[in-house]
Amino acid sequence: MATHSEKNRREKEELEKRILEQLKKQVFDKDEQLKSHQDDTSVREATKEALAEMTSLEKEDVEKIYQKIKRDELEKIAREQLSKKTKRNTFYLIVFALGLISISVAYYLFRPKPVEPVLFSYTEDFETESSIFVNEESYNYKKNIENGEFIYESNIDEWCYWNSSPVIKFPENYTITTKSNWKSGSYAMYGINLINNNENYMIFSLSKEGKANVSVRYYDKFTDNDWNYKVFTDKSNAHIQRIEVKAGNYEYYIDDKFIRKGKLAPFQFNYIGFRLCDHQTIGFEEISIKNDDTGEYILIESFENPTTTTFSDWDVDSKFSYTFENKEGKFIMNHNEEEFCHRTEAFLPTVRQDKKWELSTDVTWKEGQPKDFGVLFISGNGEIGEFMITNAGKAVFKLVGQDNKVTYATKYVPTGFVSKGKETYRLSIKSLGNKQLEFFVNDKKVLKEEMLFSKIEKIGLITCGTQIVEFDNVKYEEK
């Protein structure tokens, strides 16, 4: 216990010694500083007194000079400090300015380029089957021979069509046999026609639904006997008609079933043909006429291996209004109605609301009448603008309303471009905005109108009269 107390005492004495040593050192240092300050002051005062004694100046004058020099020196120091500060600030300003310039240059060099507005453009070059212009046709009737059948198609409601064979000298007694297949369409009549001319003929008919009929047209008089119903009830489309003629009387059979008998028409027959009505397609496989007195066939035709003579003998042709088709990278418009026009129309991939645009196409007149053909647009309200030329080199612009009536038309103007069947011209309609439309043929302006069509829903092509016209590179582009 005593040992521990002794240790504490010694530690306190050592601490007191260290404190006293530090105190002496700091006191002596402070005393030296005070003496130095007093010596400086004394030296200054002694110097000023000596200067006064050595000159004629009073001590007060020397003090004034001293104070002036002191002020000047202080001002000089202040100016030097200000100059250094100004230079430092200028340096900083230059560095800042260079930084701004560097940033500006870097932004200019690496700035994101402005996004250019994407101008809409669509071109139809007819190189693929996915054209916006579709193949279409409108016909009254079509006839063809294929796969051993005479294929007959009719396409007009409440109309009937027929063809005819070469001239035949009918014997007194004979049998006519015809095999046919109903393909598609309505359930209207079809069958065999015994013909004197286009005003006098006798018809032996049947229908898809199993009816049969015999009728006669004799000039303006038409005798239509009552229909026989449920002649056949099976669902087969293949049937055989047989007509047996003896001494001016006939017996009519379908699939060997007796239908009716009666007297022949009161005129001589010169031809035989196939007949059908309304919208339907019939395939006639075979027709024959046998002289029942001799057993010889005066006509037998199976259509298995047709020749050019077969086609001509049986009037294999077609009557159509128009046929529009994409063929070999061109769009062919074959038009066959002298007093009418027909269009092909297509929606643009997106409805346009451009004030400035151009619609154009390459066009080649191939053959036919000097009638109108060209390019068109359809606005949002259904109004149609048609820019057309003729192969004689005249151009016209027409507006057509929703009722398909012309509401406005320019006069035909000469363009100087005459087509003889080979020349290709480019037709263009340009909307310049501000209600300005201009029309060009091969970049030559031929018409100008003050109209505005800013919403275009469809574009199209048009052909009139009886002619064949070839179109290519139909293009719509926003300007």
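Reference entry: report on the structure contained in this document.

Rules of the game
Residues numbered from 1 in each chain as written. Predicted model: local features only at pLDDT ≥ 70, side-chain atom pairs only at ≥ 80, totals over all residues. Heavy atoms only, no water. Disulfide = S-S within 2.5 Å. Helix = DSSP H or I, 4+ residues; strand = E, 2+ residues; numbered from the N terminus. Pairing = 2+ DSSP bridges. Buried < 20%, exposed > 50% of the residue type's maximum accessible area, 1.4 Å probe, protein only. Contact = heavy atoms within 4.5 Å. Phe/Tyr/Trp six-rings, centres within 6.5 Å; stacked < 30°, edge-to-face > 60°. Polar contact = N/O pair within 3.5 Å; in protein donor to acceptor, adjacent residues only side chain to side chain. Salt bridge = Lys/Arg side-chain N within 4 Å of Asp/Glu carboxyl O.

## Things to note about the state of the cysteines
Each disulfide consists of one covalent bond between the sulfur atoms belonging to two cysteines.
Link 1 in the chain: All chains considered together, the criterion is met by 2 disulfides.
Link 2 in the chain: Here Cys 160 engages in a disulfide with Cys 277; their sulfurs sit 1.9 Å apart. Sign of the S-S torsion, about 105° for the bond between Cys 160 and Cys 277, identifies this disulfide as right-handed. One end of the pair, Cys 160, is in strand S3 (residues 149–162); the other, Cys 277, is in strand S12 (residues 271–291), with 117 residues separating them in the sequence.
Link 3 in the chain: Between the sulfur atoms of Cys 341 and its disulfide partner Cys 464 the distance amounts to 1.9 Å. Here the disulfide of Cys 341 and Cys 464 is right-handed, its torsion about the S-S bond being about 105°.

## Structural notes on the pairing of strand S10 (residues 249–254)
Link 1 in the chain: Relative to S10, strand S9 (residues 238–246) runs antiparallel, the two being bridged by 6 bridges. Residue pairing in the sheet places Ile 243 in a bridge with Tyr 252 of S10.
Link 2 in the chain: Following S9, the chain reverses through 2 residues before pairing antiparallel with S10; Ala 247 in that reversal takes a positive phi of roughly 50°.
Link 3 in the chain: In this structure, S10 lies alongside strand S11 (residues 257–263), joined through 6 bridges in antiparallel fashion. Pairing of Asn 249 across the sheet is with Lys 263, part of S11.

## Re the side chain of Asn 291
Link 1 in the chain: Along the chain, the position of Asn 291 falls in strand S12.
Link 2 in the chain: When its relative accessible area of 13% is taken as the criterion, Asn 291 is described as buried.
Link 3 in the chain: Each residue touching Asn 291, except ones within four places of it in the same chain, is listed here: Pro 171, Asn 173 and Glu 296.

## Examining unusual backbone geometry
Link 1 in the chain: Even without being a glycine, Asp 255 presents a positive backbone phi close to 55°.
Link 2 in the chain: Along the chain, the position of Asp 255 falls in the loop between S10 and S11.
Link 3 in the chain: Judged by relative accessible area, which is 32%, Asp 255 ranks as partly exposed.

## Some remarks on the packing of aromatic side chains
Link 1 in the chain: Tallied over the entire structure, the rule returns 30 aromatic pairs.
Link 2 in the chain: When the ring of Phe 267 is compared with that of Phe 269, the centres are 5.8 Å apart and the planes differ by 80°; the resulting orientation is edge-to-face. In this structure, Phe 267 and Phe 269 share a single accessibility class: buried.
Link 3 in the chain: Ring centres of Trp 357 and Tyr 476 lie 5.8 Å apart, and the angle between their planes is 25°; on these two criteria the pair is classed as stacked.

## Concerning the environment of Asp 372
Link 1 in the chain: Here Asp 372 shows up in the loop between strand S16 (356–368) and strand S17 (373–379).
Link 2 in the chain: Taking the C-alpha atoms as reference points, Asp 372 and Ala 395, 23 residues apart in sequence, are found 8.3 Å from one another.
Link 3 in the chain: Filtering out sequence-adjacent residues up to four positions away, Asp 372 remains in contact with Met 388, Ile 389, Thr 390, Val 396, Lys 398, Tyr 412, Thr 463, Cys 464 and Gln 467.
Link 4 in the chain: At 2.7 Å, the side chain of Asp 372 and the side chain of Tyr 412 are in polar contact.

## Quick notes on the side chain of Ser 431
Link 1 in the chain: Note on placement: Ser 431 falls in strand S22 (residues 424–433).
Link 2 in the chain: With a relative accessible area of 2%, Ser 431 lands in the buried category.
Link 3 in the chain: Within the structure, Ser 431 has its side chain in polar contact with the backbone oxygen of Lys 355 (distance 2.7 Å).
Link 4 in the chain: Discounting chain neighbours no more than four positions away, the residues touching Ser 431 are Lys 355, Lys 356, Trp 357, Gln 436 and Leu 437.

## Some details on the pattern of salt bridges
A side chain with one charge may pair with a side chain of the opposite charge, provided their charged atoms come close.
Link 1 in the chain: In this structure the tally under the stated criterion is 15 salt bridges.
Link 2 in the chain: Residue Glu 209 is joined to Lys 211 by a salt bridge in which the shortest nitrogen-to-oxygen separation is 3.5 Å.
Link 3 in the chain: Its relative accessible area of 43% is what places Glu 209 among the partly exposed residues.
Link 4 in the chain: Linking Asp 362 and Arg 426 is a salt bridge whose minimum nitrogen-to-oxygen distance equals 2.5 Å. With a gap of 64 residues between them, Asp 362 in strand S16 and Arg 426 in strand S22 connect regions that are remote in the sequence.
Link 5 in the chain: Overlapping salt bridges, with partners in common, bring together Glu 358, Lys 475, Glu 477 and Lys 479 in one network.

## Looking at the environment of Glu 325
Link 1 in the chain: By secondary structure assignment, the location of Glu 325 is in strand S14 (residues 318–327).
Link 2 in the chain: Owing to a relative accessible area of 31%, Glu 325 belongs among the partly exposed residues under this scheme.
Link 3 in the chain: Separated by 191 residues in sequence, Glu 325 and Val 134 place their C-alpha atoms 7.1 Å apart.
Link 4 in the chain: Residues in contact with Glu 325, not counting those within four places in the same chain, are Asn 135, Lys 330, Phe 331 and Ile 332.

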